[in-house]
Amino acid sequence: MAKTPVTFTLNGQSKSAFADPGQNLLDFLRRGVGDLTPKFGCGQGTCGACTVTIDGETRLSCLVLAETVYGREVGTAAGLADGAALDPLQTVFMEHFAAQCGYCTPGMLVSARALLDRNPRPSREEVIEAISGNLCRCTGYEPIITAILAVAEGRARA
Amino acid sequence: MTVVETYPTLDQAARAMGGDAAFLGGGTLVMRAVNEGVAPARLIRVTGPGLSELRVSGDSVRIGAGVTMADVLASRDLEFLHPVARVIGGPQVRNMATVAGNLFAAHPFGDFAAALLALDARVIGAGQGGARPVADVLRDRARAGLVAAIEVPRPRDPKAFGFLKVSRVKPRGVSILSIAAYLPREGGRIRGARVAFGAMGPVPLRSSGAERALEGQSLGAAAIDSAASAATEGLDPPTDEIASAWYRKEVAGVHLKRLLTDMERR
Ligand SMILES: Cc1cc2nc3c(=O)[nH]c(=O)nc-3n(C[C@H](O)[C@H](O)[C@H](O)COP(=O)(O)OP(=O)(O)OC[C@H]3O[C@@H](n4cnc5c(N)ncnc54)[C@H](O)[C@@H]3O)c2cc1C
Ligand code: FES
Ligand code: FES
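Note that the structure is a prediction, hence the values are computed from the model and not measured. (Residues numbered from 1 in each chain as written. Chains lettered and ligands numbered in written order. Predicted model: local features only at pLDDT ≥ 70, side-chain atom pairs only at ≥ 80, totals over all residues. Heavy atoms only, no water.)

Topic: the interface of chain A and chain B
Facing 28 residues of chain A, the contacting portion of chain B comprises 25 residues. Taken together, chain A and chain B are joined by one salt bridge. Between Arg-94 of chain B and Glu-129 of chain A there is a salt bridge, with its nearest N and O atoms 2.4 Å apart. Where chain A meets chain B, there are nine residue pairs in polar contact (both at pLDDT 80 or more). Secondary structure elements with two or more residues in the side of chain A that touches chain B: β4 (57-60) and α4 (124-130) of chain A. With four residues, the top contributor of residues to the side of chain A that touches chain B is β4 of chain A. In the side of chain A that touches chain B, the residues fall into nine nonpolar, 15 polar and four charged. (Contact = heavy atoms within 4.5 Å. Salt bridge = Lys/Arg side-chain N within 4 Å of Asp/Glu carboxyl O. Polar contact = N/O pair within 3.5 Å; in protein donor to acceptor, adjacent residues only side chain to side chain. Helix = DSSP H or I, 4+ residues; strand = E, 2+ residues; numbered from the N terminus. Nonpolar A, V, L, I, M, F, W, Y, C, P; charged D, E, K, R; others polar.)

Put into structure tokens, the structure is as follows:
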């Protein structure tokens, strides 16, 4: 079966790989490109563990046909830290115990980063709305919400 | 195995459609089927721009087939549809889900389609000049062909349009049911009442009982009560994991009453 060459940008770096027919972006990123940060939870759009950004907007990579990202910018949790320097969101997630098993964390971080890039000082309601497409089975959400708000407030002070 | 065919225009895509093909819109439902291995053998997609166009002409807005719920929310011209787009899925779904795809979404989905039905929107098919009522497309979705755009009349009085989605989980739960009501008034009386339910049948459907009860009346307690008691006349809602048919029938009138009371107070 013919494979489709896909050239795109992943976290600022140009990448090329072959997509299988009908392959979703999640599988393509994990197996074709080797970025293991987006997770497979359901493959149905319900859990958000596979959340990535495409041209800055959050998408569920399990529901994106891989070849449609040709020429576009994909962002994953792997792009958050700059070498050893963590994104402030990653630091507060640790400080506030916002990750327990960690399975939802990459998707949560991508959704939270997209929110803060668009709206640096969100209200609590806006934070809840922004992560409403991301399920967490461990934390009960409160630590995650607190962590995201902590970054927002940190920025406001800075 | 799914084969993907890519075309530069919707017209070319339309010619490639057939029994074993599915058109790829935002993909929120089609890719689910692909992942589950139950998708048709061919996926048809279009790369050309233009499908995401939103254009206002006179008192209607033309919504291109590729316009997403997030695009609707970003448009001031579509403010009357914001309460509808806002409650469809979560943020990621809204960035992907198209308005055209919503017309074809299986029960319990189709909240946006219910709003389009109440607003008497018209559907422009690929390669077609004319437009058909959205109800025609909903009546026989399998044979509807490809949708190029949807033309939505803008309510002259935005307060005449109301929408309510009822779900167990908030935000982001799927519908127990949704209700869209368009009640334009002339001299205080409702003229041309349109009330549509989502998730109360195999596809979004109008409530002829509620419409009859409201037509020619002023929107007040008496009209609202009779609309609520006639709401489910002729409707035969499905049972699913969200709610039973019995439950849906029991609560539909109650929620219609809440929506209409809210509209009365605006
Ligand atoms: C987690 C989740 C939550 C959801 N929540 C809601 C909700 O609250 N309310 C709701 O109504 N829906 C919901 N949906 C369902 C779905 O996302 C929406 O109905 C959406 O509008 C479908 O559009 P799409 O572009 O993603 O469709 P696709 O998956 O691309 O296509 C769906 C169907 O429409 C057909 N189609 C698409 N575009 C065209 C066209 N231009 N011409 C002809 N046929 C076309 C496809 O062939 C297919 O049969 C949800 C889905 C998920 C995964
Ligand atoms: S794996 Fe994509 S939403 Fe669950
Ligand atoms: S930390 Fe385990 S699912 Fe969120």
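Concerning the pattern of salt bridges
Residues and elements named next belong to chain A. With the rule as written, the count across this model stands at 20 salt bridges over all chains. Of the charged contacts in the structure, one is a salt bridge between Arg-59 and Glu-57, with a shortest N-O distance of 2.7 Å. Judged by relative accessible area, Glu-57 falls into the partly exposed class, the value being 35%. A salt bridge links Asp-87 to Arg-113, with the shortest nitrogen-to-oxygen separation between them at 2.8 Å. With Asp-87 in the loop between β5 (73-75) and α2 (88-95) and Arg-113 in helix α3 (residues 105-118), the pair connects residues that are 26 residues apart, well separated along the chain. Like Asp-87, the residue Arg-113 is buried in the burial classification. Among the ionic contacts, a cluster of salt bridges with common partners joins Asp-87, Arg-113 and Asp-117. (Buried < 20%, exposed > 50% of the residue type's maximum accessible area, 1.4 Å probe, protein only.)

Description of the domain arrangement of chain A
Residue and element names in this part refer to chain A. Here chain A is partitioned into domain 1 (4-79) and domain 2 (88-152). The straight-line distance from the C-alpha centre of domain 1 to that of domain 2 is 21 Å. Tallying the contact residues gives 15 residues for domain 1 and ten residues for domain 2. Carbon and sulfur atoms make up 63% of the area that domain 1 and domain 2 hide from each other, which totals about 920 Å². On inspection of domain 1 and its partner domain 2, the count reaches zero salt bridges. Where domain 1 packs against domain 2, one counts four residue pairs in polar contact (both at pLDDT 80 or more). Among the elements that take part in the side of domain 1 that touches domain 2, strand β3 (residues 51-54) stands out by supplying three residues, more than any other. Partitioning the side of domain 1 that touches domain 2 into residue classes produces five nonpolar, nine polar and one charged. (Domains from an automatic or database assignment. Buried area = accessible area lost by both parts, 1.4 Å probe.)

Some words on unusual backbone geometry
For residues other than glycine, phi is negative in most cases, and the peptide bonds are mostly trans. Across the junction of His-107 of chain B and Pro-108 of chain B, the peptide omega takes the value 5 degrees, indicating a cis bond. Note on placement: Pro-108 of chain B falls in the loop between α6 (99-104) and α7 (111-118). At Tyr-141 of chain A, a position not held by glycine, the phi torsion is positive, near 75 degrees. Within the secondary structure layout, Tyr-141 of chain A lies in the loop between α4 and α5 (142-157).

Remarks on the site of ligand 1
The immediate surroundings of ligand 1 are formed by 30 residues, with Gly-26, Thr-28, Thr-98, Asp-111 and Lys-165 of chain B found nearest. Residues close to ligand 1 are split across chains A and B. A distance of 3.2 Å separates an oxygen atom of ligand 1 from a polar atom in the backbone of Gly-89 of chain B. When the free accessible area of ligand 1 is taken as 970 Å², the share hidden by the protein chains comes to 93%. Considering each element in turn, the shell around ligand 1 owes the most residues, four residues, to α6 of chain B. Its residues assigned to classes, the shell around ligand 1 comprises 16 nonpolar, twelve polar and two charged. Composition of the shell around ligand 1 by domain shows at least three residues from each of domain 1 (3-46) and domain 2 (49-153) of chain B. (Near = heavy atom within 4 Å. Areas by Shrake-Rupley, 256 points an atom, 1.4 Å probe, with all protein chains shown as cover.)

Things to note about the packing of aromatic side chains
For the structure shown, the criterion picks out one aromatic pair over all chains. Ring centres of Phe-8 of chain A and Phe-28 of chain A lie 5.8 Å apart, and the angle between their planes is 50 degrees; on these two criteria the pair is classed as tilted. Here the residue Phe-8 of chain A occupies a position in strand β1 (residues 4-10), and Phe-28 of chain A occupies one in helix α1 (residues 25-33), the gap between them amounting to 20 residues. Accessibility classification places Phe-8 of chain A together with Phe-28 of chain A in one group, the buried group. Looking at Arg-168 of chain B, its charged tip hangs above the ring of Tyr-247 of chain B, at a distance of 5.4 Å from the centre. (Phe/Tyr/Trp six-rings, centres within 6.5 Å; stacked < 30°, edge-to-face > 60°. Lys NZ or Arg CZ within 6 Å of the ring centre and 35° of its normal.)

A look at the sheet that holds β1 of chain A
Residues and elements named next belong to chain A. The five strands lie next to each other as β2-β1-β5-β3-β4, forming an open sheet whose pairing is mixed. Two strands in the sheet have a free side with no partner beyond their single neighbour: β2 (13-19) and β4. Taken pair by pair, the neighbouring strands of this sheet meet at an average axis angle of 40 degrees, ignoring direction. Of the pairings in the sheet, the one linking β3 to β5 comprises two bridges and is antiparallel in character. Across the sheet, Ile-54 pairs through a bridge with Val-74, a residue of β5. Here α3 sits on the sheet and contacts β3 and β4; the angle it forms with β3, its principal contact strand, is near 35 degrees. (Pairing = 2+ DSSP bridges. Axes fitted to C-alpha atoms, helices over the stretch in contact; angles between N-to-C directions.)

Observations regarding the nonpolar core
Residue and element names in this part refer to chain B. The biggest cluster of nonpolar side chains holds 80 residues, and the ones touching the most others in it are Leu-81, Val-99, Leu-103, Phe-112, Leu-116, Ile-150 and Phe-161. Sorting elements by how many residues they give to this core places α7 first, with six residues. Contacts of Leu-103, omitting those with residues within four sequence positions, involve Ala-113, Leu-116, Val-123, Val-134, Leu-138, Arg-141, Val-147 and Ile-150. In this structure, Leu-183, Val-195, Ile-242 and Leu-259 belong to the second largest nonpolar core, which totals 28 residues. (Core = buried A, V, L, I, M, F, W, Y, C linked by side-chain atoms within 4.5 Å.)

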